[in-house]
Amino acid sequence: MIGVFIEGPDDKGTYPIILSRLGIVATLRVLRGKGNLLDSDKVERHAKALLASTRGLQKLVVSVDADCEEQETITRARRCEADLRSRLSIPCRYFVVHYELESWLIQCPETVAV
């Protein structure tokens with residue numbers, strides 16, 4: 001099982017569909033906003049709470065939107081991954097979602113359900 005941190009409630013309509021289609025068992029948590037997802041202290045706090053409440057958690061994936069700032073977001077995500085590597089007992093990987101793809105999926109979650 002993996003933990004997945006996402007930005008907002010709109011993502012909750014899409015991620016379960018994608019993860020299910022990939023055969024991935026996951027626990028989703030909304031952290032509300034890119035600022036929370038790109039703050040390693042906040043992610044660490046939420047990750048430790050998730051670890052304490054979820055048995056069998058093997059990995060954490062943090063999905064953050066690029067929002068037209070792709071290179072800056074990638075740089076900050078890599079910095080957070082490096083910070084969290086020694087602070088968490090499970091691997092943590094960031095996934096930067098390209099702005100246009102994420103917008104398309106959120107507008108029509110059913111497109112990935114077929």
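Residues numbered from 1 in each chain as written. Predicted model: local features only at pLDDT ≥ 70, side-chain atom pairs only at ≥ 80, totals over all residues. Heavy atoms only, no water.

Some words on helix α3 (residues 40-53)
- Here α3 contains 14 residues, and its C-alpha end-to-end distance of 20 Å stays within 8% of the 20 Å for a straight helix at 1.5 Å per residue.
- Considering only its buried residues, α3 is in contact with β1 (2-6), β2 (26-30), α2 (34-37), β3 (59-65), α4 (70-85) and β4 (92-97).
- Of the residues that open α3, the one with a side-chain oxygen 3.0 Å from the backbone nitrogen of D41 is D39. (Helix = DSSP H or I, 4+ residues; strand = E, 2+ residues; numbered from the N terminus. Expected span 1.5 Å × (residues − 1). Contact = heavy atoms within 4.5 Å. Polar contact = N/O pair within 3.5 Å; in protein donor to acceptor, adjacent residues only side chain to side chain.)

Describing the packing of α3 against α4
- Packing of α3 against α4 brings their axes to within 10 Å, and their N-to-C directions diverge by 50°. With respect to each other, α3 and α4 are oriented oblique. Like other packed secondary-structure pairs, α3 and α4 cross with a definite hand, here right-handed. Seen from α3, the contacting residues are S40, V43 and E44; seen from α4, they are C80, D83 and L84. (Axes fitted to C-alpha atoms, helices over the stretch in contact; angles between N-to-C directions. Parallel < 35°, antiparallel > 145°, perpendicular 65-115°, else oblique. Left-handed = near helix turned anticlockwise from the far one by under 90°.)

Observations concerning the confidence of the model for the protein
- Looking at the protein, pLDDT values average 86 and 86% of them are 70 or higher.
- Considering each helix and strand of the protein separately, the mean pLDDT is smallest for helix α5 (residues 99-107), with a value of 57, and largest for α3, with 96. (pLDDT = per-residue confidence, 0-100.)

Section: the pairing of β1
- Within β1, five of the five residues are buried, which leaves it mostly tucked inside the rest of the structure.
- Residue alternation in β1 divides its side chains into two sets, I2, V4 and I6 and G3 and F5, and both sets are buried.
- The pairing of β1 with β2 spans five bridges and is parallel. Residue F5 lies in a different strand from β2, and its bridge partner there is R29.
- Where β1 lies against β3, four bridges are found, and the strand directions are parallel. Each bridged residue has a counterpart across the sheet, and for F5 the counterpart in β3 is V62. (Buried < 20%, exposed > 50% of the residue type's maximum accessible area, 1.4 Å probe, protein only. Pairing = 2+ DSSP bridges.)

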